[in-house]
Amino acid sequence: MSSGADESSVRVALRIRPQLAKEKIEGCHICTYVMPGEPQVILGKDKAFTFDHVFDMNTQQGTIYTHCTEKLIEGCFEGYNATIFAYGQTGSGKTYTMGTGFDVNIGDDEHGIIPRAVHHLFRGIEERRQAATEQSRPVPEFKINTQFLELYNEEVLDLFDTTRDLEARRQRSNIKIHEDANGGIYTVGVTTRTVTSAAEMMQCLKLGALSRTTASTQMNVQSSRSHAIFTIHLCQVRVCSPDNNDNLTDNRLANDSEINEFETLTAKFHFVDLAGSERLKRTGATGDRAKEGISINCGLLALGNVISALGDRSKRSSHVPYRDSKLTRLLQDSLGGNSQTIMIACISPSDRDFMETLNTLKYANRARNIKNKVMVNQDRASQQISALRTEIARLQMELMEYKTGKRVLGEDGMEGINDLVHENSMLQTENNNLRVRVKAMQETIDAQRTRLTQLLSEQASQVLAKAGDGNEEIGNMIQNYIKEIEELRAKLLESEAVNENLRKSLSRASARSSLYGGPGSFSALMPPEKEASDVIEMAKKNLEKLKKMEKKKKKRLRRFEENQHHEAELSSVVKEELPDNDQERSNEEAEG
């Protein structure tokens, strides 16, 4: 498994929520239009935006999960980090999309991304264990930990904390954010729960979601007043999967070694439900609600600055302000770091939210330009084993090249590529080029032969037409004769060429026998000479037969033409004599 870093762009999906009953009653118009068959949305009359996915108002939750999250969960089993976060104005459907609302009346088909991802994760674990059992391989071991944080007024709070009082929780909150040697972000002082089943993880998720800070505003009855981050840590110990390059390993070593090599993979999946951006004038917030709204907007502003710094090509070399907010600090891995990230921008279709929708679309459009450096999270022992296996495969390939003579050592001890290998490669290239040319020339010869046959048949038809006896049947017969004659002529030329080559081979063999004279050498060369002479005799006989057949065809054609000519002359003589006989008969009658 390769552990090198690969670039991966942040993918952006757009979700348009349906209009609310209140908006319909107030007469709000729809200002968004999704292009059919294209991931493009048009806002108003002329503002078009293109994203990786665009989901219209009637899109189901399952469709969004399939397109946005399914591949990320599969990537976690291969050791890749992932992040999915929802962004948008307040009341645009972020919590519903992520699935942290937990309405008691909600159906299975309306479950959001997080509940579906949890079931997908444990289903994938069970499938991998079952596949290992069926293939008689060691069963992989999995360990899953979860964390649930919220960022409320720039304070990181633990939603798994059993203390429900907000003030008491804030006093006990001593969560710190740190960065490891590889640039990864981790938190200290957060409750981590180990889970073994999907039901247990869903219970943890529900417990944390109920502890989250929510309140009512004029724009949203149950508005999230904090940013929530639900994190799944997956640790996997499995047998090293064979790469394509490992097929080059020595079979003897593979059969003798019964020791399985294990690797440890870790992955981190962030599910981020951001609080909605809001205007105090529209929400009517005062007091604590106003302070919460200001804190939310400050965090989203810092996030926008980070996205602008990473997405703008002219600013990529400049400083990225991750430390301006704890939100951007927690998401440092997800934006420009080691993570496969997808952003779901949630918008309202109503025209009264036009400006908020336009800002969200611009925000999301900048995020598409961010490049993350994705790599597999292996422990150091697994990385060293992988590097050693790659080195062994390379050395075995080099050894095979020495055995086959492709690599040689020069007099100065420097290794190089054998000249014969270069020559062989050049000859193969030349051979392929000659084959192409021969094929093209053969097609040209066939076309010219067809054209020649057609011209000769037309010429013969014109001769017969002048004689007055040409018809379609005779023309077809002549064309067939000419075609057969041309084919025989081509075979004759080919036989003559083969005969000439055999004669040259025989002369070379005779010259070699005269140079290396002696009874033994002469007797050794006798069978090839005899064989060559037999072939030459056979070719001569075939050549004579072809010549006779061609002569017969020409005689037959000449006779046919002579007969046609005699018939034409006879008919002309008869036509000339008929008027004279008529004149004599009329004179005799007059005299009588």
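Everything numeric in this text was worked out from a predicted model, so none of it was measured. (Residues numbered from 1 in each chain as written. Predicted model: local features only at pLDDT ≥ 70, side-chain atom pairs only at ≥ 80, totals over all residues. Heavy atoms only, no water.)

## Details of the overall build of the protein chain
A tally of helices and strands in the protein chain yields 16 helices and 20 strands. When each of the 592 residues of the protein chain is scored for burial, the buried share is 38%. Of the roughly 35300 Å² of accessible surface on the protein chain, a fraction of 51% belongs to carbon and sulfur atoms. (Helix = DSSP H or I, 4+ residues; strand = E, 2+ residues; numbered from the N terminus. Buried < 20%, exposed > 50% of the residue type's maximum accessible area, 1.4 Å probe, protein only. Areas by Shrake-Rupley, 256 points an atom, 1.4 Å probe, with all protein chains shown as cover.)

## Some details on a positive patch on the surface
Taken together, K547, K548, K551, K552, K555, R556, R558 and R559 make up a surface patch of like positive charges. Turning to its location among the elements, K555 is positioned in helix 16 (residues 519-591). Accessibility expressed as a relative area gives 46% for K555, which makes it partly exposed. (Patch = residues over 30% accessible without salt bridge, like charges linked within 9 Å, V, L, I, M, F, W, Y side chains within 5 Å. Salt bridge = Lys/Arg side-chain N within 4 Å of Asp/Glu carboxyl O. Lys, Arg positive; Asp, Glu negative; His and termini not counted. Charge placed at Lys NZ, Arg CZ, Asp CG, Glu CD.)

## Remarks on empty space enclosed by the protein
Counted under the stated rule, the structure contains four cavities of 30 Å³ or more. Here the largest cavity is characterised by a volume of approximately 50 Å³. Lining the largest cavity are I73, C76, L121, I232, L234 and F269. Of all the secondary structure elements, the ones that give two or more residues to the lining of the largest cavity are helix 3 (70-76) and strand 15 (227-239). (1 Å grid on protein atoms, 1.4 Å probe; cavity = no way out; pocket = protein on both sides within 12 Å on 5 of 7 lines; lining within 4 Å. Points joined across faces, edges and corners; volume = space filled by probe spheres on them.)

## Things to note about the UniProt feature "binding site: ATP" (unreviewed entry) in the protein chain
Taken from the UniProt record, the annotation "binding site: ATP" (unreviewed entry) applies to G88, Q89, T90, G91, S92, G93, K94 and T95. For G91, the position within the fold is in the loop between strand 7 (82-88) and helix 4 (94-98). The exposure class of G91 is partly exposed, given its relative accessible area of 23%. Relative to the assigned elements, K94 resides in helix 4. Among all residues touching K94, those that are not within four sequence positions of it are A86, Y87, G88, Q89, D273, L274, A275, G276 and C346. (UniProt positions renumbered as here; feature names shortened; annotations may be inferred. Contact = heavy atoms within 4.5 Å.)

## A short note on the sheet that holds strand 5 (residues 47-50)
Read from one edge to the other, the open sheet built from three strands follows the order 3-4-5, with strand pairing classed as antiparallel. Edge strands, defined here as strands with exactly one partner in the open sheet, are strand 3 (32-34) and strand 5. Sheet twist, expressed as the average angle between the axes of neighbouring strands with direction ignored, equals 25°. Relative to strand 4 (residues 40-43), strand 3 is paired through three bridges, and the arrangement is antiparallel. Bridge pairing links V34 to V41 in strand 4. Lying on the sheet, helix 12 (residues 354-367) is in contact with strand 4 and strand 5; it crosses strand 5 at an angle near 40°. (Pairing = 2+ DSSP bridges. Axes fitted to C-alpha atoms, helices over the stretch in contact; angles between N-to-C directions.)

## Describing the pattern of salt bridges
Under the definition given, this model contains 13 salt bridges. In this structure, R368 and D52 form a salt bridge, with 3.8 Å as the shortest nitrogen-oxygen distance. One end of the pair, R368, is in the loop between helix 12 and strand 18 (371-374); the other, D52, is in the loop between strand 5 and strand 6 (53-55), with 316 residues separating them in the sequence. The partly exposed category is assigned to R368, whose relative accessible area is 28%.

## Points about helix 7 (residues 198-210)
An ideal rise of 1.5 Å per residue puts 18 Å on 13 residues; helix 7 measures up with 18 Å between its terminal C-alpha atoms. Within the sequence span of helix 7, burial applies to A198, M201, M202, C204, L205, G208 and A209. Projected down its long axis, helix 7 carries its buried residues within an arc of 160°, all on one side. Among the exposed residues of helix 7, those oriented more than 90 degrees off its buried face are A199, Q203 and L210. (Expected span 1.5 Å × (residues − 1). Arc of directions from axis to C-beta.)

## Focus: the pairing of strand 7
When you tally the buried positions in strand 7, you get seven out of seven residues, the bulk of the element. In terms of strand pairing, strand 7 meets strand 16 (residues 262-273) through five bridges, oriented parallel. Bridged to A82 within strand 16 is F269. The pairing of strand 7 with strand 17 (residues 340-347) spans seven bridges and is classified as parallel.

## Looking at the packing of aromatic side chains
Scanning all chains against the criterion turns up seven aromatic pairs. Note on F148 and F160: the rings are 6.2 Å apart at their centroids and 75° apart in plane angle, and the pair reads as edge-to-face. Taken together, the residues F148 in strand 8 (residues 141-152) and F160 in the loop between strand 9 (155-158) and helix 6 (166-172) connect sequence positions twelve residues apart. Each member of the pair, F148 as well as F160, carries the same accessibility label: buried. Between the aromatic rings of F230 and F271, the centroid separation amounts to 6.4 Å while the plane-to-plane angle is 40°, which identifies the pairing as tilted. In this pair, F230 is assigned in strand 15 and F271 in strand 16, connecting sequence segments 41 residues apart. As far as burial versus exposure is concerned, F230 and F271 are alike and both buried. Within the aromatic cluster, the residues linked to one another by ring pairs are F148, F160, F230, F269 and F271. The residue whose ring lies beneath R128 is F77, and the NZ or CZ to ring-centre distance is 3.9 Å. (Phe/Tyr/Trp six-rings, centres within 6.5 Å; stacked < 30°, edge-to-face > 60°. Lys NZ or Arg CZ within 6 Å of the ring centre and 35° of its normal.)

## Observations concerning the nonpolar core
Nonpolar side chains in soluble globular proteins tend to end up buried together. Within the largest apolar cluster, 46 residues are counted, with the highest numbers of intra-cluster contacts made by V41 and F51. Elements that contribute at least two residues to this core include exactly strand 2 (11-16), strand 4, strand 7, strand 8, helix 10 (288-311), helix 11 (326-330), strand 17 and helix 12. With seven residues, the top contributor of residues to this core is helix 10. Apart from the residues within four sequence positions on either side, V41 is in contact with L14, I16, T32, Y33, V34, K47, A48, F49, F51, V54 and L361. Counting residues in each nonpolar core, the second largest holds 41 residues, with L121, F122, I125 and A198 among its members. (Core = buried A, V, L, I, M, F, W, Y, C linked by side-chain atoms within 4.5 Å.)

## A few points about the side chain of Q19
By the secondary structure assignment, Q19 is in the loop between strand 2 and helix 1 (21-25). Of the polar contacts made by the side chain of Q19, one reaches the backbone oxygen of C28; its length is 3.1 Å. At 3.2 Å, the side chain of Q19 and the side chain of S350 are in polar contact. Every residue in contact with Q19, bar those within four places of it in the chain, is listed here: K24, C28, H29, I30, M57, P349 and S350. (Polar contact = N/O pair within 3.5 Å; in protein donor to acceptor, adjacent residues only side chain to side chain.)

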